[in-house]
2 protein chains.
Amino acid sequence: MKQSRLFYKTLKQDPKDEEAVNAKLLVRAGFIDKVAAGIYSYLPLGQRVLVKIENIIREEMDAIGGQEMLLPVLHPKEFWVQTGRWDSMPVLFKLKGANNKEFTLGPTHEEIITPLAKKIIFSYKDLPKYVYQIQTKFRNEARSKSGLLRGREFVMKDLYSFHKDEQGLDKYYERVARAYEKILARLSLGDISVRTFASGGSFSQYSHEYQTLCDAGEDEIYLCKQCNIAVNQELIKEQNVCPQCNNNQLEKKRAIEVGNIFKLKTKFSNACQLTYKAGDGHGKPVFMGCYGFGPSRVMGTLVEIFHDEKGIIWPAAVAPYKYHLLNLSKNDKVKLTADEIYRELSKKEEVLYNDRQDISPGEKLAEADLIGLPYRLVVSDKTHGQLEFKKRNENKTQLRNLKELF
Amino acid sequence: MKQSRLFYKTLKQDPKDEEAVNAKLLVRAGFIDKVAAGIYSYLPLGQRVLVKIENIIREEMDAIGGQEMLLPVLHPKEFWVQTGRWDSMPVLFKLKGANNKEFTLGPTHEEIITPLAKKIIFSYKDLPKYVYQIQTKFRNEARSKSGLLRGREFVMKDLYSFHKDEQGLDKYYERVARAYEKILARLSLGDISVRTFASGGSFSQYSHEYQTLCDAGEDEIYLCKQCNIAVNQELIKEQNVCPQCNNNQLEKKRAIEVGNIFKLKTKFSNACQLTYKAGDGHGKPVFMGCYGFGPSRVMGTLVEIFHDEKGIIWPAAVAPYKYHLLNLSKNDKVKLTADEIYRELSKKEEVLYNDRQDISPGEKLAEADLIGLPYRLVVSDKTHGQLEFKKRNENKTQLRNLKELF
């Protein structure tokens, strides 16, 4: 992508209406634009990052048998009345459509998927089933000051699983946990994310959150360094020891909840009368699990973790482009060399090429650091047909030939 | 995909709450599920079709320099007041969030993209720019009885272009027209879709719609057989001749509007004060175009056009899978052969494999016709290690070896 064509503008100063580091940097670097508190547009650079995060999640969901669907944003009121959450969930955006029909914007989709599963699951032969969706969801938050960490409008992956019995649910629950660990490793968040015990609600002893350690996080977790697991704030009030080793020396840390896994068991299948005919001919309730992971929140988390005073430092797996090619020369011959390098390299790799004539070399270098692609390639009057190669997270530069890049 | 695992259920009877052929067939065949009038869930089969349609559109938008973005669903009221459409557009879903802040759910995104462009476009050097989004949009329709042809919640591609002057806009407008023709050809709708002249509003003489001829369509168009173009219902009241050849023997046809292209010119840039500094130093208004194409409506259109009394007949480019492999035998040895064919074929091709033991051969054949994949492959007690090959849109069957398929 030639930067002269890219729909973006970087800012030299932090935007005045943002408090969170992730929002300041993503707005400054031209990845997102604020429309209202907790509501953002994703510009082309931001959209590329978001899709890469989504695709990592998608691949790992497919690998554990998940089938992708698309569920509606508009949920009729009666679906939420049936489960008792129309009045009990404070974050619902409610609205009226034609004929005064009432809706909420979906913050989560148990109310839609469970009645749908009733049309599909009748017999033990129809179980298990695993379905997921990656789509925009909504929470009418009272406050939203953390950029992409707490959106009123955000992108969410939710996987729902349906099982004959609790053993089937338990087994799949751990498969999802393994998939989440793979996702976090691919996002470069594996080493700083911990499985965190949370309350399981009225039916299960525990649920689990995936919490990424980060001072900017809104959550407090209590870390057991022996087991490398944690306990969340709600659960610590009930039990102030590690649920695995009973260690009571837990360390308080700030963290961002990037995912959660929850055994719904029969909570929603009872509310919606989702039953199946077992091998013995009797009707039994379906056991359900739900498993959330937030791509847009992850995007904010990555920026909170991977940045320096100059800008963002994207992990290669989610960077909008791998290489940032800069032409720092005004010389026509050097420009031709840079153009040629761009043409050749972009046949094989994702390259952003700063070909703009209207900004100075210094501005180009500063902008490259701000945007934060993994590899910077500079062509200038001093490189003599070669490239100056630099990793975003290192200081040393090297002269290289194009063919050495492959 | 093994059908024993697929999240779907086919219906032998038409659903009672649908009038439109597309909705009846898509619900019966397990592609979509109705949540409320004009609001559907896309099951895994439906999601695959939708994504394939989106990807065809995406490729052609990228080919004309379009950059993909993601814009919000929640639009603050003040953005729509600025352009005067808060009160003038009757189909807005309006709602209030925290602190009584008012929003509409985006039915289109001029109100968001124009103020955003103001932060990006300052000089003639920043022009032209082309950006698009493929995302869920909303219209609070009074009636919604045409299945996917008129959703209250639907998937829409909107491309927006920004130009220095009218000539630039005119030229790009025709590039988009060519891209739309390519999209329609790839969707197998090229031969039955016509560029249709429509009113250009207060600034342009004409805009254009892409109308697919179909008796189930909600639109009436007036076709000039000499030019193979048409005039829409609104415009025919002003001029009852072909705008190209002045022929007044226009033929009335029913059609579905799958896309439209519109020269906004300076309508929205004036409302939002989107100007740029020209080469001569003067501020000038940016010229804009907008270009819509509806993936979910196209999905409904394809079913209206490509079906018979047995079910859907998907064009290969958007079929959820290319091959439908059916095992009609109860014999264990034949099942092993079918399993092996599935394993081999699915390494190279998209295959749906009806491995279910709980339904009869007759039901499997009927279901294959209903689901409508391009190629049916039957393994039975009579095929002796070979496959019975049949195209969905032909009656003849042939015995083939697996290797002949490639």
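Residues numbered from 1 in each chain as written. Chains lettered and ligands numbered in written order. Predicted model: local features only at pLDDT ≥ 70, side-chain atom pairs only at ≥ 80, totals over all residues.

A. Highlighting the sheet that holds strand β22 (residues 387-391) of chain A. All names here are of chain A. Reading across from one edge, β20-β19-β21-β22-β23 is the order of the five strands in this open sheet, with mixed pairing throughout. The open sheet terminates on both sides in strands that have one partner only, identified here as β20 (351-354) and β23 (397-400). Each strand of the sheet is rotated relative to its neighbour by a mean of 25 degrees, with strand direction disregarded. Judged from the four bridges that link them, strand β21 (residues 375-379) and β22 form a sheet pairing that is antiparallel. The partner of Val 378 across the bridge, within β22, is Glu 388. Across the sheet, helix α10 (residues 332-348) is in contact with β19 (323-327), β20, β21 and β22; its angle to β19 comes to roughly 165 degrees. Packed on one face of the sheet, helix α11 (residues 361-371) meets β19, β20 and β21 and runs near 170 degrees to β19. (Pairing = 2+ DSSP bridges. Helix = DSSP H or I, 4+ residues; strand = E, 2+ residues; numbered from the N terminus. Axes fitted to C-alpha atoms, helices over the stretch in contact; angles between N-to-C directions. Contact = placed C-beta atoms within 7 Å.)

B. Up close: the nonpolar core. Ranked by internal contacts, the top residues of the largest apolar core, which has 243 residues, are Ile 53, Leu 187 and Leu 325 of chain A together with Ile 53, Leu 187 and Leu 325 of chain B. Non-local contacts of Leu 325 of chain A, meaning those with residues more than four positions away in its chain, are made with Ala 338, Ile 341, Tyr 342, Leu 345, Val 351, Tyr 353, Asn 354 and Leu 377 of chain A. (Core = buried A, V, L, I, M, F, W, Y, C linked by C-beta atoms within 7 Å. Buried ≥ 20, exposed ≤ 12 C-beta atoms within 10 Å, placed from the backbone.)

C. Examining the sheet that holds strand β21 (residues 375-379) of chain B more closely. Residue and element names in this part refer to chain B. If you walk across this open sheet you meet the five strands as β20-β19-β21-β22-β23, and the pairing is mixed. Single-partner strands in this sheet number two, and they are β20 (351-354) and β23 (397-400). Mean inter-strand twist for the sheet, computed between neighbouring axes without regard to direction, equals 25 degrees. Relative to β20, strand β19 (residues 323-327) runs parallel, the two sharing four bridges. Across the sheet, Leu 326 pairs through a bridge with Asn 354, a residue of β20. Where helix α10 (residues 332-348) meets the sheet, its contacts fall on β19, β20, β21 and β22 (387-391), and the angle it forms with β19 comes to roughly 165 degrees. Relative to the sheet, helix α11 (residues 361-371) contacts β19, β20 and β21, its axis offset from that of β19 by approximately 170 degrees.

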